[in-house]
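Residues per chain are reported as follows:
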Amino acid sequence: MLTATDRYLARLIAVPMLGTLVIAAMLLVLDKMLSLFDFVAAEGGPVSVVWRMLANMLPEYLSLGIPIGLMLGILLAFRKLALSSELDVMRGVGLSYGRLLRVPYMYAIALALLNFGIVGFVQPLSRHAYEALRFELRSGALGASIKVGEFTNLGKRMTMRIERSLDGGRNLQGIFVRAVSRDGQSVAVTAAQGMFLATDDPDTIIFRLRDGVLVNDAPKYKTPRILSFSSHDLPIDLPQIENFRGRDVDREKTIPELIVIGRDPATPDKLRNEVRANFHFRMVEVVMMMLLPLAALAFAIPPKRSTSALGVFLSIIFIVTYHKVNQYGESVGALGKVDPIIALWGPFLLTAGLIFWMYHVIAHRPGGQPIGALEVAFAKVGKQIVRLLRLGRRRPPAAEGAA
């Protein structure tokens, strides 16, 4: 059963962990949102597709945000205990660091299982759905609108231009349409107004034109035929849209699918390297979460009589750098230059050794401080910067004498 101290630690960890997770995810979403708005606007698609694309990107952002949230949640909780001397009291009554890490490891196990579900099953499917939306938007399947004032190609045989669009596209004005059939017959139409109408055939729409002129020409005609009309229905065959590919990319495969492909003797060596590299990348990212409580504790506790936040800064650099190293290891392993096991589990073992050393120093050496040397160095640099700023504010001696 959880004691009162365990419940207190759980509350201290939960608030910064959830806050950090939400902030990290929102920052990543906002950064992607701007580029998606530009992309959708350039393709002439509806704004609603932006939110669907962002929703499919959330699992990927959560896979990075969850480890950051876990690290900072535990770190900030123990930092608060250390600065308020509550940690000294807990240690004084016989609570070891190993006992205090019971609740952090409950969070770590739960979030590691959640992250495994995301990177192993949810993220591959959402990535494929995201790429499908991009494909459909580019191919026009999402109802990309005709750009006003520009020539728009509908397939290979029809060109259209519209001067103005009113009432959300229901009233089009200043229309020019030119279509060429397979036998060389061409139709050019200008009209004052027009509107699109649906038909029973999903591959065909009707463009109802009003107050215009139609010019019909063909190789067998001596002169083009000209027709003035008050109303004319022009059928338009929608361009055929090819189907989007299946989940053929290794990043879009689930963990069981990666295992099956990697063990299949018929799999080409290039694809096998890519699949193995992606599989080990996902697994090493999840396993690393089990060491984050130890790293967070080592970064959290500042030196005595110090309120330095250097550990918070270093922890963020630590986890982001490790993620980038894993990405590099995945790319090298996928190329076949280094075995994926060595490229990804090698850095993991080195990082794990560093974390265990940091935890040993903080937990088993009296007065031990694994980042103590960096704390001293940064303190000296900070004092020098403050001194230079104070000197810059003083008036020059010559100016004082002249006054």
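Rules and cut-offs
- Going along each chain's sequence as written, the residues are numbered from 1 onward.
- Totals for whole chains, interfaces and linings use all residues, but because this is a predicted model, local features are given only for residues with pLDDT of at least 70 and pairs of side-chain atoms are given and counted only at 80 or more.
- Calculated side-chain values reflect all of the structure's heavy atoms, with hydrogen atoms and water omitted.
- UniProt positions are given in the numbering used here, feature names are shortened, and annotations may be inferred rather than shown by experiment.
- Going along the chain from the N terminus, every DSSP run of H or I of four or more residues is numbered as a helix, and every run of E of two or more is numbered as a strand.
- The patches described consist of residues with a relative accessible area above 30% and no salt bridge, like charges being joined within 9 Å and nonpolar side chains (Val, Leu, Ile, Met, Phe, Trp, Tyr) within 5 Å.
- Computed with a 1.4 Å probe, the accessible areas rest on the Shrake-Rupley method; for each residue, only the protein chains presented here act as cover.
- For this analysis, a salt bridge means a side-chain nitrogen from Lys or Arg found within 4 Å of a carboxyl oxygen belonging to Asp or Glu.
- Only four residue types enter the tally: Lys and Arg on the positive side, Asp and Glu on the negative side, with His and both chain ends excluded.
- Note on charges: their place is set at NZ of Lys, CZ of Arg, CG of Asp or CD of Glu.
- Here the term buried applies to any residue with accessible area under 20% of the maximum for its type, exposed to any over 50%, and partly exposed to those in between, with areas from a 1.4 Å probe on protein chains only.
- Lining residues are defined by having an atom within 4 Å of a point belonging to a cavity or pocket. Those points lie on a 1 Å grid over the protein atoms alone, cavities being sets where a 1.4 Å probe fits but cannot get out and pockets being open sets with protein on both sides within 12 Å along at least five of seven lines.
- Grid points are joined across faces, edges and corners, and a volume is the space filled by probe spheres set on the points.
- For this classification, the nonpolar set comprises Ala, Val, Leu, Ile, Met, Phe, Trp, Tyr, Cys and Pro, the charged set comprises Asp, Glu, Lys and Arg, and every other residue, Gly included, is treated as polar.
- Note on pairing: two strands pair once DSSP finds at least 2 bridges between them.
- Where each domain starts and ends comes from a domain assignment, either automatic or drawn from a database.
- Think of it as the arc spanned by the lines of direction from the helix axis to the C-beta atoms.

In the annotation of an unreviewed UniProt entry, the entry for the protein reads LPS export ABC transporter permease LptF, and the organism field reads Sphingobium xenophagum. Its UniProt record, at the heading Subcellular location (unreviewed entry), says of the protein: "Cell membrane".

Here the UniProt feature "transmembrane region" (unreviewed entry) sits at residues 12-30, 61-82, 103-122, 279-301, 308-325 and 340-359. The distance from the first to the last C-alpha atom of residues 103-122 is 27 Å, and the span holds 100% helix and 0% strand. Across residues 340-359, helical content stands at 100% and strand content at 0%; the span's end C-alpha atoms are separated by 28 Å.

It is worth spelling out a positive patch on the surface at this point. Together, K380, K383, R387 and R390 line one region of the surface with positive charge. Relative to the helices and strands, K380 resides in helix α11 (residues 372-393). For K380, a relative accessible area of 56% gives the class exposed.

Let us now look at empty space enclosed by the protein. Evaluated as defined, the whole model comprises one cavity of 30 Å³ or more. Lining the largest cavity are L64, P67, E285, M288, M289, L292, I319, Y322 and H323. At the level of elements, α2 (48-83), α7 (269-288) and α9 (310-335) are the ones that each hand at least two residues to the lining of the largest cavity. Of the residues belonging to the lining of the largest cavity, the class tally is seven nonpolar, one polar and one charged.

Turning next to the pairing of strand β3 (residues 171-180). As defined by bridge partners, strand β2 (residues 158-166) adjoins β3 across eight bridges and the pair is classed as antiparallel. Bridging across to β3, R161 finds its partner in F176. As consecutive antiparallel partners, β3 and strand β4 (residues 186-198) are separated by five residues, and within that stretch G184 has a phi angle of approximately 95 degrees, a positive value.

A word on the domain arrangement of the protein. When the domains of the protein are assigned, the result is domain 1 (4-138 + 249-382) and domain 2 (156-237). For domain 1 and domain 2, the distance between their C-alpha centroids amounts to 57 Å.

Attention now moves to the pattern of salt bridges. According to the stated counting rule, one finds eight salt bridges in the structure shown. Note that E60 and R127 form a salt bridge whose closest N and O atoms lie 3.6 Å from each other. Within this pair, whereas E60 is found in helix α2, its partner R127 is found in helix α5 (residues 102-139), the two being separated by 67 residues in sequence. Judged by its relative accessible area of 29%, E60 falls in the partly exposed class. A salt bridge links E163 to R161; its shortest N-O distance comes to 2.2 Å. Residue E163 is classed as partly exposed on the basis of its relative accessible area, which comes to 42%.

Unlike most non-glycine residues, S85 shows phi in positive territory, near 65 degrees. You can see S85 is positioned in the loop between α2 and α3 (86-92). By relative accessible area, S85 is classed as partly exposed at 37%. Residues other than glycine seldom take positive phi values, yet D211 does so here, at roughly 55 degrees.

What follows concerns helix α6 (residues 255-263). For α6, the set of buried residues is I255, L258 and G262. Angularly, the buried residues of α6 cover 55 degrees about the axis, an arc narrow enough to put them on a single face. With respect to the buried face of α6, the exposed residues turned more than 90 degrees away are V260 and R263.

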